[in-house]
Amino acid sequence: MKLTELNERQREAVENLEGPLLVVAGAGSGKTRVLTYRIANLIDQKKARPNEILAVTFTNKAAREMKERVQKILSLPSDQLWVSTFHSSCVKILRREIEVLGTYTPAFTIYDEQDQLSAIKKTLKELNWDEKVIHPRAAQSRISHAKNCGLTPEKFLKKALSSYDEKMAELYKRYQAILQKANALDFDDLLLLTVQLFQKHPNILEKYQNLFKYCLVDEYQDTNHIQYLFMKLLVDKHHNICVVGDEDQSIYSWRGADISNILSFEKDFPKAKVIKLEQNYRSTKNIIEAASAVVSHNKSRKPKKLWTQREEGASLHLVQLEDEYHEARFVVGEISKALEAGISLNQFSIFYRTNAQSRVFEEILRQYTIAYKIYGGMNFYNRSEIKDIMAYFRLLSNPKDDVSFLRIINVPTRGIGKTTVDKIELYSHENNLPFLEAAQKIIQGDTLNAGTAKKILDFIGIIQELRQKKEELNPQALYHAVLDKTQYSHFLKGEDTIESLSRLENLEELDSALGEFVKQKREATLETYLEEISLISDLDSMDENEDHVKLMTLHAAKGLEFPYVFMVGVEEGLFPHSRGELDFEDMEEERRLCYVGMTRAKEALYMSHANSRRIHGSPQYNLPSRFLDEIPEEFVKRIDLRRRVGNRRLSVWAGGAEGEAPSPRPERMRGRTMEGVLRRQDPEGYEWDFDQRVSDNPFSPGIRLRHPHFGSGVICRVEGQEENLKVTIKFDNGAIKKFLATQTQFERI
DNA sequence: CCCTGGTAGTTTTTT
DNA sequence: ACTACCAGGG
Ligand SMILES: Nc1ncnc2c1ncn2[C@@H]1O[C@H](COP(=O)(O)OP(=O)(O)OP(=O)(O)O)[C@@H](O)[C@H]1O
């Protein structure tokens, strides 16, 4: 096998096949490439057959690409390889083995986050607990976190520190019982149950230990405890494990990722060989230096070298704008100009901290008729109309799936309301029956009036009829049967709104997706379809070559690379994201996220921030992010586009003038400024008088004030308007407090 | 008993 | 923007 595409250190990592190996290295240093070649080499050296290698990646897309690369290197088919995410690997194992746990069958349903929430609400109802006391979302995150740490309800209870924790433990226990009755596993269960399976059944563990002769993990810095256990168990016999990662790219601690997995790898495997890669092959010198400078502000970090042979490249562009619309128009304007200079759209990406920020970009990109795609956020399979159909599918596949039952019992509306559903729920609870069965029984008694009973009978009739068809129809045909029986499209057509029209379009897309699935798969059953969609996201279908601008969150950008990157909304409060004060660890994680984002760029990087933006409709005024100040001046060019348009500067695109491209049509008049004065617009659609007004205003970020009790401090955030105007002040003694501006006597200093 | 439309409070990041 | 809750009409 040729290893010419590797440097010396990489080659070392690819050739040392036996025993534990840790590759730690900065961004873009070729870690993923090492993993790929190592897999190829294992097969080439006949150390293992493809099906004896387990490689875990962070996304399905990364897995797919890795398989393709291996196939290319070896010119051998790679479909036998176990290259997938932790979750997919676990599903594969559980489908074969779960029966021995005695509590689930292999046809289990996988609950996503929404289903999980709905199951938690159902649990709360059964327990008769108030959703205002136990917040379903909070409960969801506690339970998920517990599972990610490998805690069963019992162990969770033992660790409880308060009566609130004890309640959570009780909820967790009941929630788990409800999932079990529904033969459903949530995302976290996929891992937790696999590990439990291994622990309780050594014979099964041994089977997989013997099967997987070599294991590899990408992005090891973002694995959580249960994933760690899973791997540790699997390689316990032979220690043939290779992990690659970068502490500076650990950005999922909120999901239970534990950086100590990578930090203590050498303790776990004392014989471990450690290889460091230091050469970056991705980005220009300016980008690498700037990103390294930012992340070096993290205190809890070992210094690390990263260098490149590449040229300095363009300066980073730090752009200051008036508001989020100006920001979007600026970004899109730059893309248009580049387009004219002959650069194609697939070279660009826009990264933001929160999904909500994509909306404005979407609006402006449409105005400019520039092709784009938003990855993540609202997944195709998460749209309500699609989820409705999927809920029918799931109920057909698993009649005990109560969450799906609840979703569709009255969709399309068939006159079965809350009161009736409550009765079914109660009956189900008292008689320990799934909802569907409870509904069947309850209409035989006299709990319900005749009209309501008839409606339920009709619904049950539809389900039963479809269940019979399920065996003979492929998923696409079944889809048509569902639409036909439920009159779902008819129901949408009746609404006749823009919204419902787009829903109908989505249904057509689903139809063709199903058609595609049926054509592609040899075994196109309802179950295989449901499994496929439950673990994929639209991120996984990304194709670099497709000619459109790609928009995504900074988190979703991990592991990717693009020639031109716009990182937007780089503002205090938004990025680093905070509501109130961030603790030290969270701040460092935000900074790592910034490092991840910056190091995705190969050629040019723009980072922009706006003076103000609307959050939930009310204006917020943010200071530039501290991360911008952490980039040494020598690498940046600052561009201030707040006031007027006339600033002509050279663009990175040969010769063009910089600044916002004129709007294709005048922007509609928007809300009021803080003083309630309508903003003026000049004929070209630029707002130019904003700046003075803000600085005249007693409350804007950066202004120093004295508070009668707390002393002096600086405004770091302003939100709301008029009598609801709130200011967040960071006092000189370090305290951060929020005040209603009208209720407090401040003195300007 | 159900449905609709209005209002109020609020969400970071995702396999 | 998205959900949760309430009032009032059918
Ligand atoms: N030895 C090499 N010679 C030339 N190019 C390389 C070499 N190794 C890696 N590259 C290229 O460098 C880029 C980054 O590689 P890769 O994605 O493997 O890095 P990584 O360390 O996984 O990055 P990150 O941690 O930032 O996701 C890719 O475009 C890859 O093709």
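Summary of the structure given here. None of the values given here were measured: they were computed from a predicted structure.

## Considering the overall build of chain A
Secondary structure summary: chain A contains 28 helices and 21 strands in total. Counting only residues that meet the buried cut, chain A has 55% of its 749 residues in that class. Counting only contacts in chain A whose residues sit at least 6 apart along the sequence, the fraction spanning at least 24 positions is 73%.

## Some remarks on the protein's contact with DNA strand B
Lining the immediate environment of DNA strand B, one finds 26 residues, of which R353, G417, T420, K423 and T553 sit closest. Sugar plus phosphate: this is where 62% of the atoms of DNA strand B within 4 Å of the protein reside. For DNA strand B, a phosphate oxygen lies 3.2 Å from a polar atom in the backbone of G415. For DNA strand B, a phosphate oxygen lies 2.8 Å from a polar atom in the side chain of T553. Residue classes in the surface near DNA strand B are distributed as six nonpolar, 14 polar and six charged.

## Here's the deal with the side chain of N224
Mapped onto the secondary structure, N224 falls in the loop between β6 (214-217) and α11 (225-234). We classify N224 as buried; its relative accessible area is 5%. Ignoring sequence-local partners within four residues, the contact set of N224 consists of N148, R255, G256, A257, D258 and N261.

## Regarding the site of the ligand
Around the ligand there are 18 residues in total, and Q10, K31, T32, R33 and E561 lie nearest to it. Within the side chain of R33, an N or O atom sits 2.7 Å from an oxygen atom of the ligand. The side chain of E561 places a nitrogen or oxygen atom 2.7 Å from an oxygen atom of the ligand. Contact with the protein chains covers 81% of the free accessible surface of the ligand, which is 630 Å². Here the shell around the ligand gets three residues from one element, more than from any other, and that element is helix α2 (residues 31-44). Two domains share the shell around the ligand, each providing at least three of its residues, namely domain 1 (8-97 + 191-277) and domain 3 (307-377 + 543-640).

What counts, and where the lines are drawn
- Residues numbered from 1 in each chain as written.
- Chains lettered and ligands numbered in written order.
- Predicted model: local features only at pLDDT ≥ 70, side-chain atom pairs only at ≥ 80, totals over all residues.
- Heavy atoms only, no water.
- Helix = DSSP H or I, 4+ residues; strand = E, 2+ residues; numbered from the N terminus.
- Buried < 20%, exposed > 50% of the residue type's maximum accessible area, 1.4 Å probe, protein only.
- Contact = heavy atoms within 4.5 Å.
- Near = heavy atom within 4 Å.
- Polar contact = N/O pair within 3.5 Å; in protein donor to acceptor, adjacent residues only side chain to side chain.
- Nonpolar A, V, L, I, M, F, W, Y, C, P; charged D, E, K, R; others polar.
- Areas by Shrake-Rupley, 256 points an atom, 1.4 Å probe, with all protein chains shown as cover.
- Domains from an automatic or database assignment.

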